[in-house]
Amino acid sequence: MFNLEMAPPDPILGLTETFRADPNPDKINLGVGVYKDDNGNTPIMRAVKLAEKKLLSSEQTKSYLSIPGHGQLPHLTQPLLFGADSELVGSDRTVTAQAPGGTGALRVAGDFIAKATPTASVWLSNPTWANHKAIFEATGLQTKVYNYYDAQNQSLDKQAFLESLQAIPAGDVVILHGCCHNPSGVDPDLDTWNTVGSIAAAKGWLALFDFAYQGFGTGLEEDRAGMNKVLEHGIPAFICSSYSKNFGLYNERIGAITFVGENAEETRRVFSHIKVAIRSNYSNPPSHGGSIVTEILQDPVLTKTWEDELTIMRNRILSMRTGLTDGLAARGVDIDYSFIKRQIGMFSFAGINPDQVDMLRNKHHVYAVHSGRINVAGITSSQMDRLCDALADVLKTK
Ligand code: LMR
């Protein structure tokens, strides 16, 4: 009945399948963005375990949640996104619904946009997370790219970025990475974010923040600062946020979709359609992840435990960045890798081309995304020497 070609494997999750099938005991997976501790495990955070313990005795029902999910989650998510003192928190311009992960939030936003403004184009940074294009095109929207990364200098191409944003027409949608740009690890500075906000206000395009790594860059507050600079311009925006990484709740599929409207009336109408998009997608969200986040964020002691653990995770990522930069320098590679230390979050480009990515996998059993992206948060101290040797080896083939 279905005369279709095989679909290609997913560029990120498909790599995990190939990795699992590799019998080499020293293999290293730097593909998918999953945090590992220095023993190579992705542990359940202590705050999460404590919250689950509480839930085990207090949970009374497995009945459906409402369409937007747990009632308390918006009141706990908004201060995290905007800061407790922000006028957006609890404002009648702001609504939040629970979503099954950041991906689920993006898809709901895409469905809403495809219904409300079907001719809008969705603009993605060049480069961006491999799934962005698939998500928005699956809703029927057209995607386009704006300039972002300067591969030569491993930094933001600020001029090209801002010029691209200036040229985007009113009514189109611009996907911005709120922090820890995936895949480059390069974020705009606050001045540049401020300019992004002025351009959005002047041109009338819609900002949609993919905000999946809060706390993995510089700190919870610092990581939201750029996004909030943009929002200070009073523009409407979507924020698709994720609790996968900063709470380590990957397989619970927990995130949120937040909309900030120009006024309360617009927000009310948009929210009614967000609920329709959720209902026709997955009816209402699964409960467990939202219960955990709610338990933690409404309890100051658990919140502190979580923040302390997150700080440890962030510092480990920073030390892996330093280790990689220093390890490659010590091997005399002819590229200056100090950019790895300057970049933030889980990801960076390793400065290798697709042939070198293949060689890294086939010869050294080190798995990176074909674009050359590596998950720095997946490196451990005991793997560092082997990884630097492997990278130095493939770099010789340039
Ligand atoms: C990644 O970019 O590796 C993560 O966001 C996980 C995913 O779903 O792709």
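Look above for the structure.
Residues numbered from 1 in each chain as written. Predicted model: local features only at pLDDT ≥ 70, side-chain atom pairs only at ≥ 80, totals over all residues. Heavy atoms only, no water.

1. As for the site of the ligand
- The environment of the ligand is formed by Ile12, Val32, Gly33, Trp129, Asn182, Tyr213, Lys245, Phe347 and Arg373.
- Here an oxygen atom of the ligand sits 3.0 Å away from a polar atom, N or O, in the side chain of Asn182.
- Within the side chain of Tyr213, an N or O atom sits 3.2 Å from an oxygen atom of the ligand.
- Taken by itself the ligand offers 260 Å² of open surface, and the protein chains cover 82% of this.
- Its residues placed into classes, the shell around the ligand shows five nonpolar, two polar and two charged. (Near = heavy atom within 4 Å. Polar contact = N/O pair within 3.5 Å; in protein donor to acceptor, adjacent residues only side chain to side chain. Areas by Shrake-Rupley, 256 points an atom, 1.4 Å probe, with all protein chains shown as cover. Nonpolar A, V, L, I, M, F, W, Y, C, P; charged D, E, K, R; others polar.)

2. Description of the pairing of strand 10 (residues 255-260)
- Here strand 10 lies mainly inside the structure; six of its six residues are buried.
- Note that strand 2 (residues 94-99) and strand 10 share six bridges and pair antiparallel. Bridged to Ala99 within strand 10 is Gly255.
- In this structure, strand 9 (residues 237-242) lies alongside strand 10, joined through six bridges in antiparallel fashion. Residue pairing in the sheet places Ser241 in a bridge with Ala256 of strand 10. (Buried < 20%, exposed > 50% of the residue type's maximum accessible area, 1.4 Å probe, protein only. Helix = DSSP H or I, 4+ residues; strand = E, 2+ residues; numbered from the N terminus. Pairing = 2+ DSSP bridges.)

3. What to know about the side chain of Ser291
- Residue position: Ser291 is located in helix 10 (residues 288-297).
- Residue classification places Ser291 among the buried residues on the basis of a relative accessible area of 7%.
- In this structure, Ser291 is in contact with Leu55, Glu59 and His70, ignoring residues within four places of it in sequence. (Contact = heavy atoms within 4.5 Å.)

4. Looking at the sheet that holds strand 10
- Read across the open sheet, the seven strands follow the order 2-10-9-8-7-3-4; overall the sheet is mixed. Two strands lie at the open edges of the sheet, namely strand 2 and strand 4 (142-147), each paired on one side alone. Here the average twist between neighbouring strands, direction ignored, is 25°.
- In the packing of helix 4 (residues 101-116) onto the sheet, contacts are made with strand 2, strand 7 (173-177), strand 8 (206-211), strand 9 and strand 10, and the angle to strand 9 comes to roughly 155°.
- Where helix 9 (residues 264-281) meets the sheet, it contacts strand 2, strand 9 and strand 10, and its direction lies at approximately 10° from that of strand 2. (Axes fitted to C-alpha atoms, helices over the stretch in contact; angles between N-to-C directions.)

5. Concerning the packing of helix 13 (residues 354-364) against helix 14 (residues 381-395)
- Relative orientation of the contacting elements helix 13 and helix 14 amounts to 130°, with a least axis distance of 10 Å. Comparing their axes, helix 14 and helix 13 come out oblique. Here helix 13 and helix 14 pass one another in a crossing that is right-handed. Judged by residue contacts, Gln356, Met359, Leu360, Lys363 and His364 of helix 13 engage Arg386, Ala390, Leu391, Asp393, Val394 and Leu395 from helix 14.
- Here the residues of the contact of helix 13 with helix 14 are counted per class, giving six nonpolar, two polar and three charged. (Parallel < 35°, antiparallel > 145°, perpendicular 65-115°, else oblique. Left-handed = near helix turned anticlockwise from the far one by under 90°.)

6. So, the pattern of salt bridges
- All told, the structure shown has 16 salt bridges when counted by the stated rule.
- A salt bridge links Lys62 to Glu59; the shortest N-O distance between them is 3.0 Å.
- Judged by relative accessible area, Glu59 falls into the partly exposed class, the value being 29%.
- For Lys133, the salt bridge goes to Glu137, with nearest N and O atoms at 3.0 Å. Of this pair, Lys133 and Glu137 both sit in helix 5 (residues 130-138), four residues apart, which is roughly one turn of the helix. (Salt bridge = Lys/Arg side-chain N within 4 Å of Asp/Glu carboxyl O.)

7. Some details on empty space enclosed by the protein
- Following the criterion strictly, the structure yields one cavity of 30 Å³ or more and no others.
- Here the largest cavity is characterised by a volume of approximately 60 Å³.
- Where the lining of the largest cavity is concerned, the elements lending two or more residues are helix 3 (73-82) and strand 9.
- Among the elements that line the lining of the largest cavity, the one with the most residues is helix 3, at three residues.
- Counted by class, the lining of the largest cavity contains four nonpolar, five polar and no charged residues. (1 Å grid on protein atoms, 1.4 Å probe; cavity = no way out; pocket = protein on both sides within 12 Å on 5 of 7 lines; lining within 4 Å. Points joined across faces, edges and corners; volume = space filled by probe spheres on them.)

8. Points about the side chain of Asn228
- Structurally, Asn228 is set in helix 8 (residues 220-231).
- Exposure remark for Asn228: the relative accessible area of 13% places this residue in the buried category.
- Setting aside its immediate chain neighbours within four residues, Asn228 contacts Leu81 and Phe82.

9. Things to note about the packing of helix 4 against helix 9
- Helix 9 packs onto helix 4 with a crossing angle of 115° between their chain directions and a minimal axis gap of 9 Å. When the axes of helix 4 and helix 9 are compared, the crossing they make is right-handed. Residue-level contacts link Arg107, Val108, Asp111, Phe112 and Lys115 of helix 4 to Val270, His273, Ile274, Val276, Ala277, Ile278 and Asn281 of helix 9.
- Across the contact of helix 4 with helix 9, the residue classes tally to seven nonpolar, two polar and three charged.

10. Remarks on the pairing of strand 8
- Counting buried residues in strand 8 gives six out of six residues, a clear majority hidden from the surface.
- With burial as the criterion, each face of strand 8 is covered, one bearing Leu206, Leu208 and Asp210 and the other bearing Ala207, Phe209 and Phe211.
- Pairing analysis gives five bridges linking strand 7 to strand 8, with the strands arranged parallel. The partner of His177 across the bridge, within strand 8, is Asp210.
- Chirality of the crossover, the property in question, places the unit of strand 7, helix 7 (residues 190-203) and strand 8 among those that are right-handed.
- Pairing geometry for strand 8 and strand 9, over five bridges, is parallel. Counterpart to Leu208 in the pairing with strand 9 is Phe238.
- Handedness of the β-α-β unit built from strand 8, helix 8 and strand 9 comes out right-handed. (Right-handed = clockwise from strand over helix to strand, strands pointing away.)

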